[in-house]
Amino acid sequence: MVAQTLPVSGQAAGMAVSFRFLLSLYGIVPICLIALGLDSWLFDHALRDALPSSPSHFLLFQVLFGTPHIVASNLLLVSHAEYLKTFQRKLLGMSAFIVLFFGVGSLFIPYRVLYLISACWTVYHVLKQQHGIAKAVCRLPTWAFYLQLWLSVTAGIFTYIGIFMKNSLAPEQAALILQIATALTAALLATTWICQRYVASRLGWYFLWANTLLVVASWFVYSQQYYFLAILIPRLVHDITAYSFYATHDVNRHAGHPQNALFRLTEACRLPAVAVLPLLSFALTYWLQVHGDAAVNLILQTLFSTQVYKAATLGIVGYLALMHYYTEAFIWSAGSPLRRYIRFGRVS
């Protein structure tokens, strides 16, 4: 189950994020490793040859992973006047920074530099989420937590670069990237072995090793040139984890007593609160990926007699992604109005 039912103040019942469910998502790791082994030993790499060399080449992957939870996160903020009012300065400030640095700055800053910055931020965001959640059950000393986090992030960054920039790297550069990723991954394994002594609970021990094996598995399948699986593993864990928070928030705030126009409309359509953001975000993602560029350029052509390359799939989605990476760092922290609607199941 995604969540378990717990008493909620002012409501008959509420939803709680289940640590055991979040841990179960790491089951994608052995599944992908088994698929790789069978493909290598029995099918002469038929699966590897059939999969796209990059997830960005596969429309279905873009519609199912990555972008939908980014769209959902932004919808969660903009559909609530209270949240917009609370964070308006931060949102406006970050919007201005994105336009200036990634928009205007792209006229002067090399594309590869901007790409590397975005790649580093993406990896940090994904792994920071997983380590942040595990922190509640692992209860590592501060130094051990940040050691694990930064080894994971740096190993993940070099793996990410090796996958997405492989076509622009010279053979010796690609080999160096793999060597660095290998060394960092080995260091992560070693420090996890050391840090496990500080974890008191069995569940915390599982989370500690799950996060490490997430990075190790991505590195390994990348080293075997299963690039699609290397991205699928952390993406699936990260995205479903994010949706579990969004669904918990929406159920605890809106189920039976919708508090904004979106949830009043969906309740009238008999759509349960838990399904609103997932369905809407997947639909909007599909529209952006399939029709977004044409629609935006039709408007630009009509109003300004100009067009912009990938105006929606690169411009709009890129903006939403950067805003998501920024806002997720604080909207679920203690004291945030969103955090009032997040509860966690028992850790034991």
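My aim in this report is to walk through the structure given alongside it, one point at a time. (Residues numbered from 1 in each chain as written. Predicted model: local features only at pLDDT ≥ 70, side-chain atom pairs only at ≥ 80, totals over all residues. Heavy atoms only, no water.)

## Things to note about helix 9 (residues 171-195)
The α-helix advances 3.6 residues per turn, and as a result positions three or four apart in sequence lie on the same side. End to end, helix 9 covers 36 Å across 25 residues, agreeing with the expected 36 Å (1.5 Å per residue, within 8%). Taken as a whole, helix 9 has its buried residues at Ile-177, Ala-181, Leu-184, Thr-185, Leu-188, Thr-191, Thr-192 and Cys-195. (Helix = DSSP H or I, 4+ residues; strand = E, 2+ residues; numbered from the N terminus. Expected span 1.5 Å × (residues − 1). Buried < 20%, exposed > 50% of the residue type's maximum accessible area, 1.4 Å probe, protein only.)

## Brief notes about the packing of aromatic side chains
Aromatic rings considered in pairs are described by the distance between their centres and by the relative angle of their planes. What the rule picks out here adds up to 23 aromatic pairs. Arranged with centres 5.4 Å apart and planes meeting at 10°, the rings of Phe-19 and Phe-344 form a pair that is stacked. Separated by 325 residues along the polypeptide, Phe-19 in helix 1 (residues 19-24) and Phe-344 in the segment after helix 14 (311-327) bring together distant segments of the chain. A residue is classified by how much of its surface remains accessible, and Phe-19, at 4% relative accessible area, is buried. Among the residues examined, Phe-344 registers a relative accessible area of 29% and is labelled partly exposed. On the numbers, 5.2 Å between centres and 55° between planes, the contact of Phe-87 with Phe-330 is tilted. Of this pair, Phe-87 sits in helix 6 (residues 81-103) while Phe-330 sits in the segment after helix 14; the two residues are 243 residues apart in sequence, bridging distant segments of the chain. Taken as a pair, Phe-87 and Phe-330 share a single burial class, namely buried. Grouped by ring-pair contacts, the aromatic residues Phe-19, Tyr-26, Phe-207, Tyr-243, Phe-245, Tyr-246, Phe-282, Trp-332 and Phe-344 constitute a single cluster. Looking at Lys-166, its charged tip hangs above the ring of Tyr-227, at a distance of 4.7 Å from the centre. Note that Arg-202 overlies the ring of Trp-205, its terminal NZ or CZ placed 5.6 Å from the centroid. (Phe/Tyr/Trp six-rings, centres within 6.5 Å; stacked < 30°, edge-to-face > 60°. Lys NZ or Arg CZ within 6 Å of the ring centre and 35° of its normal.)

## Overview of helix 2 (residues 28-42)
With 15 residues, helix 2 extends 21 Å between its outermost C-alpha atoms, agreeing within 8% with the 21 Å of an ideal straight helix rising 1.5 Å per residue. Residues of helix 2 that are buried include every one of Ile-28, Val-29, Cys-32, Leu-36, Gly-37 and Asp-39, and no others. All buried residues of helix 2 project into a common sector of 165° when viewed along the axis, lining one side. The outward face of helix 2, more than 90 degrees from its buried face, is lined by the exposed residues Ile-31, Ile-34, Trp-41 and Leu-42. Immediately downstream of helix 2, the backbone of Asp-44 shows phi near 55°, a positive value. (Arc of directions from axis to C-beta.)

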